[in-house]
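Results of the structural survey
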Amino acid sequence: MSRSVTRTAGVLLALGALAYTAWLLEVLVRTGLDPVRTYVSELAAADQPLGGLFRATDLAAGLLVLTGALTGLASGRPRRPPDAGVPTRARRPGRARRPWLLTGWIALAVFGAATAADSRLPLSCAPTADPECAARETAGLVPATHTAHAVSSSLAMTGALAALVALTTAARRYGRWPLLARTGPVLVALELAATAWTLAAVAAFEAGKGVWSLGAGQRLQVLLVAVWLAVLAASLLREER
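Predicted, not measured: the structure shown is a model, and the values here were computed from it.

So, the overall build of the chain
Across its full length, the chain carries seven helices and zero strands. Along the chain direction, N to C, the helices and strands of the chain fall in the order α-α-α-α-α-α-α. Counting across all 241 residues of the chain, residues that qualify as buried make up 46%. Total accessible area on the chain stands at roughly 11800 Å², and carbon and sulfur atoms take up 66% of it.

Put into C-alpha cells, the structure is as follows:
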C-alpha cells in the first residue's frame, strides 16, 4: 500500500478519535447531567438541549472510523501476486496471511458503523437522571429506539474490544507499529477493566441497586477507546514504507 493511503487511514482515525471524545465538552458547558452517574449516550438523548450536537459528533466519529478502517483493510492486500510456479508452502508470507490484521480492521469497521447507527437511534430521555423516564423504560413505554440503541451500543463496544485486541496483537506479532505494540497491551487491559466496571454498574442499575458510578466507568471505557484510536492513528502516520 502506498504511503499516501497509509496516511489517509491515519488521518481519518485521528479525526474519528477526536470526534469520539466530543462528550468531554460537558466539562465546559452545563448539560444538566451528572457525569459520574449517567450514560454518555444520554447526552445525545432527544430531550436534551445539546442532544443534536452530540448526535452529530457521534455520527461523524462513526463515519470517520468506518472509512479509516476500510482504508486500513485495503492495506492488507498483497502488494505482489503469489509467486508463480512456487509451491504454496514455500511462498513468502504476505499480508493476506495476517489474520489478526484482517480481523482487527473488520472489527474496527463494525465499531464505526455501529457508532454511526447509534447516533441515529437516540434515547428519548435520560433514564439514569429522570426517574419517570426510568419507570417508562422498565414498563416498556418508551420508543423502540431504546432497545435498538442498546443493541447498536453493544455491537459498537464489542467491535471496539475486538479491534483493540486483534490490532494490538497484530502489531506485536507482525513487527508493525512499534508505538501500538508498546502501549497497546496496557490500553487493552485498562479497557477490559473499564468494561467490567461498566457492565457491573449497568446490571446494578437495572436491578434497582443504584448506579455504581456507571457514568464514570463508561466514560473511562469510551475515553480509552479514543486514546487507543489515537495511538493507532499515530502508528499509521509514523509507519515507513
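Looking at a nonpolar patch on the surface
A cluster of nonpolar side chains, namely Leu24, Leu25, Val27, Leu28, Val29, Leu53, Leu223 and Val227, defines an oily patch on the protein surface of about 670 Å² accessible area. Along the chain, Leu223 turns up in helix H7 (residues 214-238). Using a relative accessible area of 31% as the deciding quantity, one classes Leu223 as partly exposed.

Things to note about the packing of helix H3 (residues 99-119) against helix H5 (residues 145-173)
Between H3 and H5, the least distance of the axes is 7 Å, while the angle of their chain directions is 155°. Between H3 and H5, the angle falls in the class roughly antiparallel. Crossing hand, H3 versus H5: left-handed. For the contact of H3 with H5, the residue count by class is 16 nonpolar, eight polar and two charged.

Focus: the packing of helix H1 (residues 3-20) against H7
Helix packing geometry: the angle between the two helix axes and the distance between the axes. Direction vectors running N to C along H1 and H7 enclose 160°, while the axes themselves pass 8 Å from each other. By the angle between their directions, the pair H1 and H7 is classed as roughly antiparallel. In this structure, the crossing between H1 and H7 has a hand that is left-handed. Contacts between H1 and H7 involve Arg3, Thr6, Arg7, Ala9, Gly10, Val11, Leu13, Ala14, Ala17 and Tyr20 from the former and Val222, Val225, Ala226, Leu229, Ala230, Leu232, Ala233, Leu236, Leu237 and Arg238 from the latter. Grouping the constituent residues of the contact of H1 with H7 by class yields 15 nonpolar, two polar and three charged.

Parameters and conventions
- Residues numbered from 1 in each chain as written.
- Predicted model: local features only at pLDDT ≥ 70, side-chain atom pairs only at ≥ 80, totals over all residues.
- Heavy atoms only, no water.
- Helix = DSSP H or I, 4+ residues; strand = E, 2+ residues; numbered from the N terminus.
- Buried < 20%, exposed > 50% of the residue type's maximum accessible area, 1.4 Å probe, protein only.
- Areas by Shrake-Rupley, 256 points an atom, 1.4 Å probe, with all protein chains shown as cover.
- Patch = residues over 30% accessible without salt bridge, like charges linked within 9 Å, V, L, I, M, F, W, Y side chains within 5 Å.
- Salt bridge = Lys/Arg side-chain N within 4 Å of Asp/Glu carboxyl O.
- Axes fitted to C-alpha atoms, helices over the stretch in contact; angles between N-to-C directions.
- Parallel < 35°, antiparallel > 145°, perpendicular 65-115°, else oblique.
- Left-handed = near helix turned anticlockwise from the far one by under 90°.
- Nonpolar A, V, L, I, M, F, W, Y, C, P; charged D, E, K, R; others polar.
- Contact = heavy atoms within 4.5 Å.

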